[in-house]
Structure formats: C-alpha cells, structure tokens
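Geometric and topological summary
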Amino acid sequence: MNEQSQTFREKLLEGRFLFGSFMKIAHTMPTEVLGSLNYDFVVIDEEHAPINRESTDRILLACKAHGMGGLVRVQNGDASTILSVIDCGADGVLVPHVDSAAKAREIVSAARYRSGSRGYSATTRAGNFGSRTIEAHLDQQDASIAVIAMIEDPHALDQLDEILAVKGLDAVFIGRGDLTVAYGETKAGSAPVKAASRKIAGAARAAGKTICVMTGGAADAGELAELGATAFIVSSDQTFLRNAAASALSAVRETVTK
C-alpha cells in the first residue's frame, strides 16, 4: 500500500517510526506549524491542557489539512469522552490510567462499532458529513481508529499480560511521568521507572503491541528505541515556544548588553 494512502493506525500497527508532539495551546497554528515541518502526528491534550471540544475539533481540521495524524489524549476512558473526539475526526485516542483488562476492554468497545458499543452518527467529520453508506462508515471507522492505553500506575504492571491481551488494543504508552511520581521519585530516569519501562516494553513486545513514548531528547529516544518503541512524542507546543523564546531572548540580551 502507498504510504500516503495509509491511515495513522496502519502505520502505527506496522511499527513504522512515527514522530509527534503534544498540543496544549488551544489554537490551530501550532499544529499547522508542525504539519509544515512534516511531523507524523500530534496529540491534542485534553487531559492536562485547557482544550475543549470545539478547540479539539478545529485542531483536528488543521491535522486533516496537512495530512497529519491527529490523536487526542482524553480526560478519561468514559465512552462519551472517546465518542466526542472520534466523531470530530480523531485518528485515535490516548487513554490515561488504563490499569486493568476491564478498563482496556471498555475503551476499545467505546471506539468500535461492530465489535463494540460506539454510538452511531455518520453526519460528522468522521463520517465525511454523511457521504458514506452505513456499512462503509462502520468499515472505515473500525479500521482506522487507534486505541492506545497509557500504562502509568505501578499496580497496572501486575496486570500487563491481561491488559495487553485485549483484542483491539493497538498500542501502549509508557507513562514515565506519572510512574515517577507514583514511585515517590523526583527525577527522570530513576531506577524504578527504568525497571517499569523495561517491563512494560517487554510485555508489549511479547504481545505484539506497538510501544509509544514521550522522549526527553535524542539520547533518551535512542534508549527507548532499543526497548522497542516506534512512536515518539517529542516535547509539546508550549515547550517548543518556551525554549525558542528563552534562547532568542538570551542571545539578543547578551549581544546588546555586553
């Protein structure tokens, strides 16, 4: 299949190296900038950023304009929350705190029509505004929505095999930030978090699930790739802006005040 015609989910399941970023600014332009730089995807962060459904809808439209994958980190795994973003045209969801097989089954069900319980509507962006038949809409959506479980609770590590055995769960995200706090640590790369990351990655590889991560830089990304990660979230729009603004200010201030 031609790469341009592949859905984000197909690329994810193939284990292609994919590079994205979190979107935390409730505007389309940061996403448009990343699209112009050929990022593979963005993750709209409804969990930790002040982004509502209307903002998500607009940012997903920006993703469509650039042919870029548009995922949403939803606030929770409720069916209504997942339905909201996939009707807006999201290519998939990152669901926080998936700590049991039961929860994994619930989020997969919420994202699927035929094998699940997704509420039906075809007059959405996801349904190309009613242009498809019911059958075509069900086929297209069930084949294209990626469901990614965020493993970020220590007790979830005791149920990894059961979680990863859930049919229709496409990938896992190793939530190193929450794991760091949960283990009582304050620095990235602590021993218990590294051990947890290795355990999650090993279980995911054994189950044939794609591994997604947020990377702290090139060296960190290399280590995570060695664990089997193929989908990398590189920073966020806020951090890109802060770092570039700090660097520019420092350079100009140093030049004119020396």
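To be clear, the structure that these remarks concern was listed above.
Before going into details, it helps to say that this report is about the structure given with it. Small disclaimer: the values here were computed from a predicted structure and weren't measured.

1. Describing the environment of Ala 101
- Along the chain, the position of Ala 101 falls in helix α5 (residues 101-111).
- Classification of Ala 101 as buried rests on a relative accessible area of 11%.
- The spatial distance from the C-alpha of Ala 101 to the C-alpha of Ala 156 is 9.3 Å, given a sequence separation of 55 residues.

2. With respect to the packing of helix α2 (residues 29-36) against helix α3 (residues 53-66)
- Viewed as axis vectors pointing N to C, α2 and α3 meet at an angle of 20°, and their least axial separation amounts to 9 Å. With respect to α3, the axis of α2 lies roughly parallel. With respect to the hand of their crossing, α2 and α3 are arranged in right-handed fashion. In this structure, α2 contributes Thr 31, Glu 32, Gly 35 and Ser 36 to the contact, and α3 contributes Ile 59, Ala 62, Cys 63 and His 66.
- Looking at the contact of α2 with α3, its residues break down into 3 nonpolar, 4 polar and 1 charged.

3. A closer look at helix α4 (residues 79-87)
- Thr 81, Ile 82, Ser 84, Val 85, Ile 86 and Asp 87 are the residues of α4 that are buried.
- Of the surrounding secondary structure, the elements contacted by the buried residues of α4 are α3, β3 (69-73), β4 (92-95), α5 and α6 (134-144).
- A positive backbone phi angle near 110° is found at Gly 89, which sits one or two residues after α4.

4. Some words on the pairing of β4
- Going residue by residue along β4, you find Gly 92 and Leu 94 tucked away on one face and Val 93 and Val 95 tucked away on the opposite face as well.
- Here 3 bridges tie β3 to β4, and the two strands are oriented parallel to one another. Looking at β4, one finds that Val 72 is bridged to Val 93.

5. Things to note about the pairing of strand β7 (residues 210-215)
- In terms of residue burial, β7 counts as a mostly covered element, since 5 of its 6 residues are buried.
- Examined bridge by bridge, strand β6 (residues 171-174) and β7 share 3 bridges and lie parallel to one another. When the sheet's bridge partners are listed, Ala 171 is paired in β7 with Thr 210.

6. Side note on the nonpolar core
- Residues Ile 82, Ile 86, Ile 107, Ile 151, Leu 169 and Ile 200 are the most contacted members of the largest nonpolar core, which totals 47 residues.
- Beyond its immediate stretch of four places on either side in the chain, Ile 82 contacts Gly 77, Val 93, Val 95, Ile 107, Ala 110 and Ala 111.
- Of all hydrophobic cores here, the second largest spans 16 residues; its members include Val 43, Leu 71, Leu 94 and Ile 148.

7. Here we look at the sheet that holds strand β5 (residues 146-151)
- Spatially, 8 strands are ordered β1-β2-β3-β4-β5-β6-β7-β8 in a closed barrel, and the strand pairing comes out parallel. Averaged over neighbouring strand pairs, the angle between their axes works out to 25° when direction is ignored.
- Two strands pair when backbone bridges link them, and strand β1 (residues 18-23) and strand β2 (residues 41-45) are joined in this way by 4 bridges, in the parallel orientation. Residue pairing across strands places Met 23 opposite Ile 44, the latter belonging to β2.
- Lying on the sheet, helix α9 (residues 191-207) is in contact with β5, β6 and β7; it crosses β6 at an angle near 170°.

Quick notes on the rules
- Residues numbered from 1 in each chain as written.
- Predicted model: local features only at pLDDT ≥ 70, side-chain atom pairs only at ≥ 80, totals over all residues.
- Heavy atoms only, no water.
- Helix = DSSP H or I, 4+ residues; strand = E, 2+ residues; numbered from the N terminus.
- Buried < 20%, exposed > 50% of the residue type's maximum accessible area, 1.4 Å probe, protein only.
- Axes fitted to C-alpha atoms, helices over the stretch in contact; angles between N-to-C directions.
- Parallel < 35°, antiparallel > 145°, perpendicular 65-115°, else oblique.
- Left-handed = near helix turned anticlockwise from the far one by under 90°.
- Contact = heavy atoms within 4.5 Å.
- Nonpolar A, V, L, I, M, F, W, Y, C, P; charged D, E, K, R; others polar.
- Pairing = 2+ DSSP bridges.
- Core = buried A, V, L, I, M, F, W, Y, C linked by side-chain atoms within 4.5 Å.

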